[in-house]
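For reference, the chains in residue letters:
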Amino acid sequence: MSAAALIDEAARVRLAAGVMLRHDRRRGQWMLMAPERLLVLDDMALAVLRACTGAEDEVGGAIDRLAAEYDAPRGEIAADVLDLLNDLRNKGYVAA
Amino acid sequence: MTCALPSLATAAAEPAPPFAVLAELTHRCPLRCAYCSNPVTLEPASAELDTATWKRVLDEAADAGALQVHFSGGEPCVRKDLEELVAHATEAGLYSNLITSAVLLDADRLARLKAAGLQHVQISVQDSEAEGADWIGGYRGGHARKLETARRVVDSGLALTINAVLHRHNIERVNAFIDRALELRAGRIEIANVQYYGWALENRAALMPSREQLLTMDAAVRARLPELAGRLVVDYVVPDYYARRPKSCMGGWGRRFMNVTPRGRVLPCHAAETIPGLSFETVFDRSLSDIWRDGPAFAHYRGTAWMPQPCQSCDDREEDWGGCRCQALALAGDAGAADPVCELSPSHAAVALLRDRDAAALGTPWRYRGG
């Protein structure tokens, strides 16, 4: 067996089974709730997850929107987004 | 409630809220695994909290700031009110995990639990094939039922974790456990080398793997991690007695978890009742928030002020939080000592002797849980 293919701009991603995005008022933090664990999200991770998992299109489309929204070079945004998504997938928070 | 030990709590600040509550609904279980970490004196059904009290406890858990509840036991599915409790947890805003042997979890029940808001099911597996698994669990036909239920969990869209419990009698099949988890399309596998509490501590000489077995297993797991990336999350617990530094037990005493026993005692960890001199409040004494904030058992080993040497001057003291108090008691005779699993502990050499003696005791029969 070989490792799973990396998530690229053509992939569609979703939250993995048992994973939910939640805001915890007590701590004032957004987090991913997952089986027996959770991940506190910073602003960038939250924006990426909303753009990539809430949409009907591929990751590339989400990168376009994020680049426009943050007025940042698309190449830099794309690298950050793909790194983050692959890391979250390896930890079981998102699925492609 | 009073604490017989001198108070070492110096922190005036409120502790950060707990992340999760372990709800041990019952000690009853159809399986009889000799490595069970439940206490050797099991609570009878007649002592268990009733439905209304558990609902109140779940509300109090959410009030205390907990985000998740782990329904555990024993086997939580023996409770007829499990669906009702999961639904209540969902209403309270808690994320529900079910930690189960799965042999009592049929299709109708699973559907009802999902409708009640359950998110995740963790199923223990005793071996890679039925014959060994049913022998280890002491329950004929159990393995086949587990596999059937595991498939149903994934088909229903819930998250599945396979809990592979390893010891002398199955550690050589770690690859087959991983293959099983992949075949079942689990999202996660816990490669859980037995930890020696409760029944497992009693049966240590029947369970302890050899160093050679351990090294073979460790190499096999590490060799497979690259190919598993993105397919299966691996939580790998190195066996305590072969470690050089202790685990951060419960993520630190009174830092992340509260445990509520079947009869309603509120503990910092599920084996804490073994520690003499600590006194534990119950859900009938005060709210979980109050117990978490300043309950004597929680305050006693919270933070670093209680620590002896070598922990007190150790750079890792806020990484491992001194390791496990119950293990310090079991192995050094003092719950306030450094975890003897740590190579810096003065008792570490004695742990190696115990381990090697038990690992060499081949042919030692175990005593099944409850037997």
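All of the points below concern the structure found in this document. (Residues numbered from 1 in each chain as written. Chains lettered and ligands numbered in written order. Predicted model: local features only at pLDDT ≥ 70, side-chain atom pairs only at ≥ 80, totals over all residues. Heavy atoms only, no water.)

## Description of the interface of chain B and chain A
- Residue-level contacts link 30 residues of chain B with 22 residues of chain A.
- Buried surface at the junction of chain B and chain A, summed over both partners, amounts to about 2,100 Å²; 56% is from carbon and sulfur atoms.
- Among the residues chain B hides against chain A, the three largest losses belong to Leu67(B), Tyr95(B) and Arg231(B). Together they make up 25% of the total.
- Linking chain B with chain A are one salt bridge.
- In this structure, Glu36(A) engages Arg188(B) in a salt bridge whose closest nitrogen and oxygen atoms are separated by 3.3 Å.
- Put simply, chain B and chain A have 13 residue pairs in polar contact (both at pLDDT 80 or more) between them.
- Those elements that provide at least two residues to the side of chain B that touches chain A are helix 1 (51-63), strand 2 (68-72), strand 3 (95-100), strand 4 (120-125), strand 6 (188-193) and helix 9 (211-228) of chain B. (Contact = heavy atoms within 4.5 Å. Buried area = accessible area lost by both parts, 1.4 Å probe. Salt bridge = Lys/Arg side-chain N within 4 Å of Asp/Glu carboxyl O. Polar contact = N/O pair within 3.5 Å; in protein donor to acceptor, adjacent residues only side chain to side chain. Helix = DSSP H or I, 4+ residues; strand = E, 2+ residues; numbered from the N terminus.)

## Here we look at the packing of helix 6 (residues 174-183) of chain B against helix 9 of chain B
All names here are of chain B.
- One can describe the packing of helix 6 onto helix 9 by two numbers: an axis separation of 9 Å at closest approach and a directional angle of 30°. With respect to helix 9, the axis of helix 6 lies roughly parallel. For the pair helix 6 and helix 9, the contacting residues are Val174, Asn175, Ile178, Asp179 and Leu182 in the first and Met217, Ala220, Val221, Arg224 and Leu228 in the second.
- Looking at side-chain class alone, the contact of helix 6 with helix 9 contains seven nonpolar, one polar and two charged residues. (Axes fitted to C-alpha atoms, helices over the stretch in contact; angles between N-to-C directions. Parallel < 35°, antiparallel > 145°, perpendicular 65-115°, else oblique. Nonpolar A, V, L, I, M, F, W, Y, C, P; charged D, E, K, R; others polar.)

## What about the nonpolar core?
- Ranked by internal contacts, the top residues of the largest apolar core, which has 81 residues, are Phe71(B), Leu160(B), Ile189(B) and Leu288(B).
- Excluding residues within four positions of it along the chain, Leu288(B) makes contact with Val21(B), Val57(B), Glu60(B), Ala61(B), Ala64(B), Met258(B), Val260(B), Val266(B) and Val283(B). (Core = buried A, V, L, I, M, F, W, Y, C linked by side-chain atoms within 4.5 Å. Buried < 20%, exposed > 50% of the residue type's maximum accessible area, 1.4 Å probe, protein only.)

## Some remarks on the sheet that holds strand 7 (residues 233-237) of chain B
Residue and element names in this part refer to chain B.
- Read from one edge of the open sheet, nine strands run 7-6-5-4-3-2-1-8-9, paired in mixed fashion. With one partner strand each, in any of the chains shown, strand 7 and strand 9 (266-267) form the two edges of the open sheet.
- Sheet topology note: the strand 2/strand 3 ladder contains four bridges and is parallel. Its bridge partner being in strand 3, His70 is matched across the sheet by Asn97.
- Across the sheet, helix 5 (residues 142-155) lies against strand 4 and strand 5 (159-166), angled at about 160° from strand 4, the strand it touches most.
- Contacting strand 5, strand 6 and strand 7, helix 9 crosses the sheet at an angle of about 160° to strand 7. (Pairing = 2+ DSSP bridges.)

## What about helix 2 (residues 59-70) of chain A?
All names here are of chain A.
- Across its 12 residues, helix 2 extends 16 Å between first and last C-alpha, which sits within 8% of the 16 Å expected from 1.5 Å per residue.
- All buried positions along helix 2 are accounted for by Val59, Gly60, Gly61, Ala62, Ile63, Leu66 and Ala67.
- Where helix 2 is buried, its residues contact helix 1 (43-53) and helix 3 (74-90).
- Backbone geometry just downstream of helix 2 places Asp71 in the positive-phi region, at approximately 50°. (Expected span 1.5 Å × (residues − 1).)

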